[in-house]
Amino acid sequence: YVSSDFANHPLSHLMQSIFGFHDRSRIDVYCYAISPDDGSVHRAKVAAEAEHFIDISHLDVLQCAQRIAQDAIHVLVNLNGYTKGARNEIFAMRPAPVQLLYMGFPATMAASYIDYLVTDHVVTPPHLEWCYGEKVVRMPHSYFANDHRQAYDPHSLRLLSPEHAVLPASFQPPLSPRRQAPAVPLDLNAHSAALATAAATPEAGPVGLGPHGGALGTSAIIGANAARTAALGQAAPPLLAPGAGTGLGAQDAMGRRLELGLPRDAFLFCCFNQLYKLDPATFDRWCNILRRVPHSVLWLLKFPPQAMPNIHAEAEARGIPRSRVIFTDVADKALYISRSCIGGLFLDTPVCNGHTTGTDCLWSGMPMITTMHDHMSSRVASSLCHAIGCPEMVAADYQDYEDKAVLWATDLEAYMALRRKLWHNRLTTPLFNTRLWTREWEEVLAGCWDRYARGLPVESFDSAAVHHDPEVMAEVEAANCRDAAARLAAIGAAA
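Residues numbered from 1 in each chain as written. Predicted model: local features only at pLDDT ≥ 70, side-chain atom pairs only at ≥ 80, totals over all residues. Heavy atoms only, no water.

Participant: Is there a simple way to think about the confidence of the model for the protein chain in this case?
Facilitator: Regions with low pLDDT should not have their predicted coordinates read in detail. Per-residue pLDDT for the protein chain has a mean of 86; in total, 79% of the residues score no lower than 70. Low pLDDT, under 50, characterises residues 178–244; the stretch is placed with 125 contacts to residues that sit more than four places away or in other chains. (pLDDT = per-residue confidence, 0-100. Contact = heavy atoms within 4.5 Å.)

Participant: Just to check I follow, could you spell out unusual backbone geometry for this structure?
Facilitator: Note: most peptide bonds trans; most residues except glycine with negative phi. Here the bond from Phe-303 into Pro-304 is cis, since omega is 15°, no more than 30 degrees from zero. Within the element layout of this structure, Pro-304 appears in the loop between β9 (296–301) and α13 (308–317). Of note in this structure, Ala-110 is not a glycine but carries a positive phi near 50°. The residue Ala-110 is located in the loop between β5 (98–101) and β6 (116–120) in this model. (Helix = DSSP H or I, 4+ residues; strand = E, 2+ residues; numbered from the N terminus.)

Participant: For this particular structure, what's the right way to read the sheet that holds strand β10 (residues 325–328)?
Facilitator: Think of a sheet as strands paired side by side through backbone hydrogen bonds, with each pair either parallel or antiparallel. On the basis of which strands lie adjacent, the open sheet formed by 5 strands has the order β10-β9-β8-β11-β12 and parallel pairing. Looking at the sheet topology across the chains shown, the edges are occupied by β10 and β12 (368–369). In this sheet, β9 lies alongside strand β8 (residues 267–271) in parallel orientation, the contact comprising 5 bridges. Note on β9: the bridge partner recorded for Cys-271 is Leu-300. (Pairing = 2+ DSSP bridges.)

Participant: For this particular structure, what's the right way to read the pattern of salt bridges?
Facilitator: Two side chains of opposite charge can pair, provided their charged atoms sit close to one another. Under the definition given, this model contains 23 salt bridges. Here Arg-43 makes a salt bridge to Asp-55, at a shortest N to O gap of 3.3 Å. Separated by 12 residues along the polypeptide, Arg-43 in helix α3 (residues 41–49) and Asp-55 in strand β3 (residues 52–55) bring together distant segments of the chain. One network of salt bridges, in which partners are shared, links Arg-26, Arg-439, Glu-442 and Glu-443. (Salt bridge = Lys/Arg side-chain N within 4 Å of Asp/Glu carboxyl O.)

Participant: Looking at this model, I keep getting lost on the nonpolar core. Mind explaining?
Facilitator: The nonpolar side chains of a soluble globular protein tend to be buried with one another. Ranked by size, the top nonpolar core spans 136 residues in total, and within it Leu-100, Tyr-102, Phe-269 and Trp-441 carry the most contacts. What Tyr-102 contacts, discounting residues up to four positions off in sequence, is Met-15, Val-77, Asn-78, Leu-79, Val-118, Tyr-143, Phe-144, Ala-145, Trp-437 and Trp-441. (Core = buried A, V, L, I, M, F, W, Y, C linked by side-chain atoms within 4.5 Å. Buried < 20%, exposed > 50% of the residue type's maximum accessible area, 1.4 Å probe, protein only.)

Participant: Please explain the packing of aromatic side chains as it appears in this structure.
Facilitator: When we look at a pair of aromatic rings, we describe it by the centre distance and by the angle of the planes. Applying the stated criterion across every chain yields a total of 22 aromatic pairs. Ring centres of Tyr-102 and Trp-441 lie 4.9 Å apart, and the angle between their planes is 40°; on these two criteria the pair is classed as tilted. On the criterion of sequence distance, the pair formed by Tyr-102 in the loop between β5 and β6 and Trp-441 in helix α19 (residues 434–453) is long-range, its members being 339 residues apart. Pair check on accessibility: Tyr-102 and Trp-441 agree, each one buried. Their ring planes at 75° and their centres at 5.4 Å tell us that Phe-171 and Phe-267 sit as a pair that is edge-to-face. One end of the pair, Phe-171, is in the loop between α8 (162–165) and α9 (188–200); the other, Phe-267, is in strand β8, and 96 residues separate them in sequence. Looking at Phe-171, the relative accessible area reads 11%, which means it is buried. What makes Phe-267 buried here is its relative accessible area of 2%. Positioned above the aromatic ring of Trp-363 is the side chain of Arg-426, whose terminal nitrogen or guanidinium carbon lies 4.8 Å from the ring centre. Here the basic side chain of Arg-426 rests over the ring of Trp-423, its NZ or CZ set 4.2 Å away from the ring centre. (Phe/Tyr/Trp six-rings, centres within 6.5 Å; stacked < 30°, edge-to-face > 60°. Lys NZ or Arg CZ within 6 Å of the ring centre and 35° of its normal.)

Participant: Would you mind going over the side chain of Arg-256 with me for this structure?
Facilitator: Relative to the helices and strands, Arg-256 resides in helix α11 (residues 253–260). Reaching out from Arg-256, the side chain makes a polar contact with the backbone oxygen of Arg-158 at a distance of 2.9 Å. (Polar contact = N/O pair within 3.5 Å; in protein donor to acceptor, adjacent residues only side chain to side chain.)

Take a look at the structure:
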């Protein structure tokens with residue numbers, strides 16, 4: 001693996017456990033870091049758990065390629081593509097016989113030195129292969145890896161089950177699409193108090209703390225808090241401190257809404273994607289949905305804050321009062337996922353989906369609605385929905401997107417059936433099963449190498465699903481844990 005993002009970066013937030021989850025009897029893992037150590041727990045975790053972690057950030061491109069060639073790598077994975085910090089010239093020198101593009105760049109590189117792009121059946125069905133310069137390898141479930149099951153424990157995050165997260169009073173009959181909906185009355189006192197609390201609250205931490213990753217997983221937060229407070233002779237605070245406008249002081253959805261200044265009984269449509277992903281056609285649909293569901297509001301993030309007046313102006317131009325479009329601050333990852341569970345429905349941005357934010361909202365237990373275009377970044381959320389066993393969350397087109405959103409916001413029975421299904425499927429389907437994903441990823445790597453070793457041309461192929469044997473996986477996990485502990489001890493001794 002070659003990456004500039006073995007750091008406090010969404011790539012490592014999603015993949016940090018995978019390097020250590022590899023079956024060492026089959027895969028010899030080399031991670032080549034092309035950026036300096038940022039001192040993050042993510043960098044330390046990858047460095048400790050990968051079998052070989054080599055910092056080549058101080059080498060020039062030719063030296064990097066020579067080092068990789070000397071290590072006799074069979075399959076070299078580009079985790080950057082055309083993103084910040086990439087050194088694609090390394091791949092142009094062909095230091096490995098098989099070279100793949102994965103994760104960092106959701107599109108083709110159109111480069112002759114990349115043999116395969118890793119994807120799946122939803123993101124890249126055969127009729128769309130013409131869009132890619134590489135041959136494609138389709139994984140059996142979603143190609144999109146994540147680490148939520150390991151890093152973000154539902155109990156520590158204080159996630160609410162469907163029965164506790166949903167307020168039946170927020171479900172009211174819809175209006176005809178042609179009728180104008182009145183503004184939803186808000187609890188202005190609660191909303192003003194929340195704004196005052198937010199203004200007095202320090203900004204969220206450095207880049208990477210927001211919805212697209214968060215600085216730390218729950219176990220790392222606990223450790224960091226304990227170390228910091230121990231140095232001050234204080235007791236460590238809880239992982240997610242209640243109150244103070246966090247939206248976590250109450251044990252029920254109503255209390256959490258009031259802490260965040262959200263309406264008491266309105267249906268909460270949400271989107272926590274960066275606002276550059278929002279286009280006029282999608283916003284037209286969102287405003288149609290708000291008109292048809294008059295007892296609802298749209299909950300967005302100040303991501304960035306400069307967008308707020310523009311979004312409010314565009315809403316008013318479409319007949320939607322600005323009081324129905326509510327912004328809250330960007331928060332660190334654990335807090336942000338915890339807040340998400342009180343949301344009603346995540347309205348995805350179809351042109352450029354929520355990728356990391358999509359997994360965040362699904363892990364919190366909040367349903368989503370999305371639809372697809374032809375390009376890769378517009379189809380990732382649909383892949384997530386299929387992998388979690390909820391294909392009904394993928395609309396056929398924009399009108400179906402709008403109609404399904406209205407249905408689930410006005411029919412309590414239909415909505416609860418979907419939400420209970422999603423809540424159950426989080427822990428029983430492939431999407432959040434990182435160890436199963438790693439086994440299937442290993443089949444991709446082996447399949448690419450096997451074709452090369454047998455002298456076959458580079459061609460697209462579908463990688464097979466893997467039987468998930470709990471006993472075998474437990475043995476692999478135990479071996480990996482022993483190796484990781486030994487490397488951590490060695491790092492501590494060296495320090």
